[in-house]
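Reading the structure
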Amino acid sequence: MPAPDANAIIEMIDVHKWFGQFHVLRDINLSVNQKERIVICGPSGSGKSTLIRCINRLEEHQRGQIIVDGVELTNDIKKIETIRREVGMVFQHFNLFPHLTVLENLTLGPIWVKKTPKAEAEETAMNYLERVKIPEQADKYPGQLSGGQQQRVAIARSLCMNPKVMLFDEPTSALDPEMIKEVLDVMIELAETGMTMLVVTHEMGFARTVADRVIFMDGGEIIEQNEPEEFFHNPQSERTKMFLSQIL
Ligand code: ADP
Ligand code: MG
């Protein structure tokens, strides 16, 4: 078994997962360094969501090790909570609380999980709403916002918890085309701040500009990975070539 890498903030070693009889993740080895930006792509059903959901224990792996910032994920709820505080996640369908205002969505975690005083939580929330360029929406409800605005709220909400790593699961695939750019721009700015990011996306323009590494998955396996230039211009596996020919 390879030794855990001391510089890695996320380490997956020989990870396997099954849904019942179905072997969904097969021998995943992935080490993510601090400040690294990784894009994960691959056909629908290849295990991309399951892989990143294992990192904050939204899914449980059955074999191998997952270590986040030095803490190994086990059934120990204290460790799971520690890791969830450090790992923010943004989903395809935003997952905002519909009955809370934008500001309340942003302050809920800090107030209840981190015990931050309300005034301080609200100040931080407004700072992040400025960063995602919608401070004027603070008192609205999610249903009153466009998809692109809701996704920017979801990103700001994660950032209010001051995570060390951000996971994105197809953050733009539920959006109308004209809203994709406003969300990608926020993600590009976040990358520029040095945030460690794992992004499942088929936005290959984003991968080219932002990613340090692109990972291609198929059938629950990491088939190949490379820096974007090499990945796009010199794919090695037939499966990668086939996938790229379909999406580019
Ligand atoms: P991707 O994100 O690459 O589209 P997923 O990780 O969502 O792929 O899913 C990988 C495979 O696992 C798919 O075949 C999917 O149907 C299956 N799967 C996902 N979640 C579950 C679940 N909760 N129970 C059973 N099978 C699942
Ligand atoms: Mg998915």
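Predicted, not measured: the structure shown is a model, and the values here were computed from it.

For helix H2 (residues 77–86), the full list of buried residues reads Ile80, Ile83 and Glu86. Here the buried residues of H2 occupy an arc of 125° about the axis, which is enough to place them on one side. Within H2, the exposed residues directed more than 90 degrees away from the buried face are Ile77 and Lys78. Buried residues belonging to H2 abut helix H1 (48–55), strand S4 (63–68), strand S5 (71–72), strand S6 (87–90) and strand S7 (165–169). Near the N-terminus of H2, the side chain that reaches the backbone nitrogen of Lys78, with its oxygen 2.9 Å away, is that of Asp76.

A few words now on the layout of surface pockets. Its volume calculated, the largest pocket comes out at about 580 Å³. What lines the largest pocket is a set of 22 residues, among which Arg84, Val87, Arg157, Ser158 and Met161 lie closest to the centre. If you list the elements that add at least two residues to the lining of the largest pocket, you get H2, S6, helix H3 (102–112) and helix H5 (147–159). Considering each element in turn, the lining of the largest pocket owes the most residues, 5 residues, to H3. Among the residues forming the lining of the largest pocket, the class breakdown is 12 nonpolar, 6 polar and 4 charged.

All right, on to the site of ligand 1 then. All residues in the neighbourhood of ligand 1 are listed as Phe19, Phe22, Val24, Pro43, Ser44, Gly45, Ser46, Gly47, Lys48, Ser49 and Thr50. Between ligand 1 and the protein, one listed contact pairs an oxygen atom with a backbone N or O atom of Gly47 at 3.0 Å. Computed on the free molecule, ligand 1 has an accessible area of 570 Å², of which 58% lies beneath the protein chains in the complex. Of all the elements in the fold, those that place two or more residues in the shell around ligand 1 are strand S2 (22–33) and H1. Per element, the largest residue contribution to the shell around ligand 1 is 3 residues, and it comes from H1. Tallied by class, residues from the shell around ligand 1 come to 4 nonpolar, 6 polar and 1 charged.

Here we take up the UniProt feature "domain: ABC transporter" (unreviewed entry) in the protein. Following the UniProt record, one finds the feature "domain: ABC transporter" (unreviewed entry) at residues 10–244. Its end C-alpha atoms 27 Å apart, residues 10–244 is made of 39% helix and 26% strand.

Turning our eyes to something else, we now look at the sheet that holds S4. Think of a sheet as strands paired side by side through backbone hydrogen bonds, with each pair either parallel or antiparallel. The strand order across the open sheet formed by 4 strands is S2-S1-S4-S5, and the pairing between neighbours is antiparallel. Of all strands in the sheet, those bounded by a partner on one side alone are S2 and S5.

With that settled, the discussion passes to the pairing of strand S3 (residues 37–41). Taking burial as the measure, the 5 residues of S3 include 4 buried ones, the bulk of the element. Pairing between S3 and strand S8 (residues 196–200): 4 bridges, direction parallel. Each bridged residue has a counterpart across the sheet, and for Ile40 the counterpart in S8 is Val200. Sheet topology note: the S3/strand S9 (residues 213–218) ladder contains 4 bridges and is parallel. Counterpart to Ile40 in the pairing with S9 is Ile215.

Cut-off values and rules
Residues numbered from 1 in each chain as written. Chains lettered and ligands numbered in written order. Predicted model: local features only at pLDDT ≥ 70, side-chain atom pairs only at ≥ 80, totals over all residues. Heavy atoms only, no water. Buried < 20%, exposed > 50% of the residue type's maximum accessible area, 1.4 Å probe, protein only. Helix = DSSP H or I, 4+ residues; strand = E, 2+ residues; numbered from the N terminus. Arc of directions from axis to C-beta. Contact = heavy atoms within 4.5 Å. Polar contact = N/O pair within 3.5 Å; in protein donor to acceptor, adjacent residues only side chain to side chain. 1 Å grid on protein atoms, 1.4 Å probe; cavity = no way out; pocket = protein on both sides within 12 Å on 5 of 7 lines; lining within 4 Å. Points joined across faces, edges and corners; volume = space filled by probe spheres on them. Nonpolar A, V, L, I, M, F, W, Y, C, P; charged D, E, K, R; others polar. Near = heavy atom within 4 Å. Areas by Shrake-Rupley, 256 points an atom, 1.4 Å probe, with all protein chains shown as cover. UniProt positions renumbered as here; feature names shortened; annotations may be inferred. Pairing = 2+ DSSP bridges.

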